[in-house]
Amino acid sequence: MPWKRPENVPFPSVWHTFQAKDTESEQMVTYRVQDLPEERFEEAITHMMEHFVYDEPTCRAKNIVGEQQSVDEIADLWREFVKLRLVLVCFKEGSDEIAGMNMLYVSQQSDKEEYQCKGKIWKCIYDLVDYTMNKANVYERYGVDKYLGAMGLSVAPKYRGRGIATEILRARIPLCKGVGLPLTSTCFTAIGSQVAAAKAGYEESYVVSYDDMTKIDDRFVFPNITTKYVKCMSKRVE
C-alpha cells in the first residue's frame with residue numbers, strides 16, 4: 001500500500017530553524033527548513049536541474065546532462081517525490097529564494113513494484129545506489145519495515161559554506177517524528193554530503209570505494225571522480 005502523509009500533520013510545516021551567515025554580510029540570520037509548498041513543486045524541480053545534476057559526482061562524471069532521456073527520467077522521479085509532501089526546502093527568513101533542498105520519499109519493505117529506468121546513464125547511477133542500499137540491508141539491520149529515504153540533496157551556490165546541508169539533514173529527524181517514520185537512510189555519493197551527514201549524527205551503515213565498485217559492474221566507472229567512497233548513512237529517530 002503506497003505511503004501517505006498522515007492527515008493530522010499540518011502541511012506545510014516548519015521542522016527546523018537555525019542561525020547561519022547572511023548572503024549579503026557576515027551577520028547571523030535565521031534560516032528555516034520546512035515542507036516544500038505545493039505551489040513551489042515545479043520550481044523545486046528546476047532548482048535540482050540547475051544545480052544537482054551538474055554538481056553530484058556520479059552525474060557529473062557520466063555527464064548525465066548530455067543524455068536527455070536520463071535527465072527527463074530523474075525529473076519525473078522527483079515529480080513523484082514531491083507529491084508525497086515530504087520534500088524539505090530551506091529558506092532564509094525574509095526571502096522566498098530556495099537556499100537548499102532534499103528530495104525525500106518513503107521506502108517500504110512491502111513495496112513490490114520495481115522502479116524501471118531506461119536512460120543508460122540514469123540506470124547506471126540508480127543501480128549503483130540500489131546496490132549500495134541493498135548491501136546496507138537497512139530493514140533488517142535496524143529492525144524497521146519503512147524508512148525515510150532520499151535521492152538528491154542540493155544547496156544553491158550563493159548559500160554554500162553555511163552548513164545548510166547539515167541542517168537540512170538534521171531536519172529529517174523531526175520530520176520523521178512528525179509523520180511516524182522510525183529511521184532515515186540514504187546513499188550518499190559525494191564527500192560533501194557524507195561530511196554533512198556525519199555532522200548531523202548519521203552513522204555509516206555500508207561503505208564501498210568507487211574503485212571496488214568498478215569490480216562489481218564495469219558500468220560503475222566514473223571518470224575523474226574525486227570522492228573515494230559511496231556510503232549508506234542512517235539515523236534512528238529516537
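Note that the coordinates shown come from a computational prediction; the quantities given were computed from them, not determined experimentally.

J.: Any details on the overall build of the protein chain? Residues and values, ideally.
T.: If you tally the helices and strands in the protein chain, you get 9 helices and 8 strands. In terms of overall dimensions, the protein chain is globule-like: its C-alpha atoms have a radius of gyration of 17 Å, near the 18 Å expected for 238 residues. Seen through its C-alpha atoms, the protein chain measures out along the principal axes to roughly 50 × 40 × 30 Å. Here the protein chain holds 238 residues, and the buried ones make up 55% of them. Counted over contacts in the protein chain with a minimum sequence separation of 6, partners at least 24 positions apart contribute 74%. Carbon and sulfur atoms make up 47% of the accessible area of the protein chain, which amounts to about 11600 Å² in all. Within the protein chain, one finds 31 positive and 35 negative side-chain charges whose respective centroids are separated by 4 Å.

J.: Break down the packing of aromatic side chains for me, with residues and values.
T.: Given two aromatic rings, their pairing is described by the distance between the two centres and the angle made by the two planes. Tallied over the entire structure, the rule returns 9 aromatic pairs. With a centroid separation of 4.9 Å and an interplanar angle of 20°, the aromatic rings of Phe81 and Tyr105 are classed as stacked. Linking Phe81 in helix α4 (residues 68–83) with Tyr105 in strand β4 (residues 100–108), this pair joins segments that are 24 residues apart in sequence. An aromatic cluster is present here, built from Phe18, Tyr31 and Tyr159 joined pairwise through their rings. Its end group placed over the ring of Phe222, Lys62 keeps NZ or CZ at 5.2 Å from the ring centre.

J.: Residues and numbers for the environment of Ile216, please.
T.: As for its placement among the helices and strands, Ile216 is situated in helix α9 (residues 210–216). Judged by its relative accessible area of 38%, Ile216 is partly exposed. Sequence-wise, Ile216 and Leu128 are 88 residues apart; in three dimensions their C-alpha atoms are separated by 9.8 Å.

Parameters and conventions
- Residues numbered from 1 in each chain as written.
- Predicted model: local features only at pLDDT ≥ 70, side-chain atom pairs only at ≥ 80, totals over all residues.
- Heavy atoms only, no water.
- Helix = DSSP H or I, 4+ residues; strand = E, 2+ residues; numbered from the N terminus.
- Rg over C-alpha atoms; globule rule 2.2 N^0.38 Å.
- Buried < 20%, exposed > 50% of the residue type's maximum accessible area, 1.4 Å probe, protein only.
- Contact = heavy atoms within 4.5 Å.
- Areas by Shrake-Rupley, 256 points an atom, 1.4 Å probe, with all protein chains shown as cover.
- Lys, Arg positive; Asp, Glu negative; His and termini not counted.
- Charge placed at Lys NZ, Arg CZ, Asp CG, Glu CD.
- Phe/Tyr/Trp six-rings, centres within 6.5 Å; stacked < 30°, edge-to-face > 60°.
- Lys NZ or Arg CZ within 6 Å of the ring centre and 35° of its normal.

So, to be careful, I would describe these as geometric facts and stop short of saying anything about function.
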